[in-house]
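Letter by letter, the chains look like this.
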Amino acid sequence: MATAPGNHGEDVAAQAELRWAVFVMVVIGLLLVMIAFASLHWVMMPARRVETINPTTLHLTGEFVEDNLGSAVEPDGSVTVRLVGQQYSFVPQCIVVPDNTPVRFRGTSADVIHGFIIADTNVNVMLEPGYISTFQARFRKPGMHVMPCHEFCSVGHAGMWARVKVIDRDSFFKQAQTERRQSCVQQ
Ligand code: CUA
């Protein structure tokens, strides 16, 4: 036999409602604190460095002119790879790097957002027009890796890819004595 809820039932319901209302307020309060904390944190600690570049003059002047792309040895013995992504290819099309050497990638885009991964490595970089992306990597052993674009960049996206050829350190640095910039496009 059912009994109609009396004052006692209403009290229990009111208390449960209050408990849940408090719980929800606490959750919302926590989220607000997290948002405030994250905002303040990023205001006080902006990205370590942001390098910008004019995407409309990449091929005409500066670091990313065509004959400056590819791999170059730095005075400290590390290697810098400079590359440009554009609809729908990477320049250079084949990048040669030494094994067991710190390799710094510096890349940007001439048009829309592109990105690349280097298969079988943890290299995963976005290339944004107007910004220079940097990434440091080290390749353990010689081999050939495919390097596809991984940001949808319009109709030719699926055909946009390059290759990375890792060669042993000694051969790389020997070649570097005669070539200012190295790539493996012709090989
Ligand atoms: Cu470039 Cu997708």
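Residues numbered from 1 in each chain as written. Predicted model: local features only at pLDDT ≥ 70, side-chain atom pairs only at ≥ 80, totals over all residues. Heavy atoms only, no water.

Identification of the protein chain as Cytochrome c oxidase subunit II from Noviherbaspirillum autotrophicum is taken from an unreviewed UniProt entry. In its Subcellular location (unreviewed entry) section, the UniProt entry covering the protein chain states "Periplasm". (UniProt positions renumbered as here; feature names shortened; annotations may be inferred.)

Trainee: Help me understand a nonpolar patch on the surface, please; the structure alone is not making it clear to me.
Mentor: A contiguous nonpolar patch, built from Trp-20, Phe-23, Val-24, Met-25, Val-27, Ile-28, Leu-31, Leu-32, Met-34 and Ile-35 and spanning about 1,000 Å² of accessible area, is present on the exposed surface. Examined against the element boundaries, Phe-23 turns out to sit in helix H1 (residues 7–44). A relative accessible area of 49% places Phe-23 in the partly exposed class. (Patch = residues over 30% accessible without salt bridge, like charges linked within 9 Å, V, L, I, M, F, W, Y side chains within 5 Å. Areas by Shrake-Rupley, 256 points an atom, 1.4 Å probe, with all protein chains shown as cover. Salt bridge = Lys/Arg side-chain N within 4 Å of Asp/Glu carboxyl O. Helix = DSSP H or I, 4+ residues; strand = E, 2+ residues; numbered from the N terminus. Buried < 20%, exposed > 50% of the residue type's maximum accessible area, 1.4 Å probe, protein only.)

Trainee: Please explain the pairing of strand S6 (residues 114–117) as it appears in this structure.
Mentor: For a regular strand, the rule is simple: side chains alternate between the two faces of the sheet. Pairing analysis gives 4 bridges linking S6 to strand S7 (residues 124–127), with the strands arranged antiparallel. Note on S7: the bridge partner recorded for Gly-115 is Met-126. Between S6 and the antiparallel strand that follows it, S7, lie 6 residues; Asp-120 among them carries a positive phi value of about 70 degrees. (Pairing = 2+ DSSP bridges.)

Trainee: When you look at the UniProt feature "transmembrane region" (unreviewed entry) in the protein chain in this model, what are you seeing that I'm missing?
Mentor: Under the local residue numbering, the UniProt record ascribes the feature "transmembrane region" (unreviewed entry) to residues 20–43. Helix makes up 100% of residues 20–43 and strand makes up 0%, while its end C-alpha atoms are separated by 34 Å.

Trainee: Help me understand the state of the cysteines, please; the structure alone is not making it clear to me.
Mentor: Disulfide: a covalent bond connecting the sulfur atoms of a pair of cysteines. A full pass over the atoms with the stated rule returns 1 disulfide. Residue Cys-94 pairs covalently with Cys-184 via a disulfide, S to S 1.9 Å. When the S-S torsion is -85 degrees, as for the bridge of Cys-94 with Cys-184, the disulfide is left-handed. In this pair, Cys-94 is assigned in strand S4 (residues 94–98) and Cys-184 in the segment after helix H2 (169–178), connecting sequence segments 90 residues apart. (Disulfide = S-S within 2.5 Å.)

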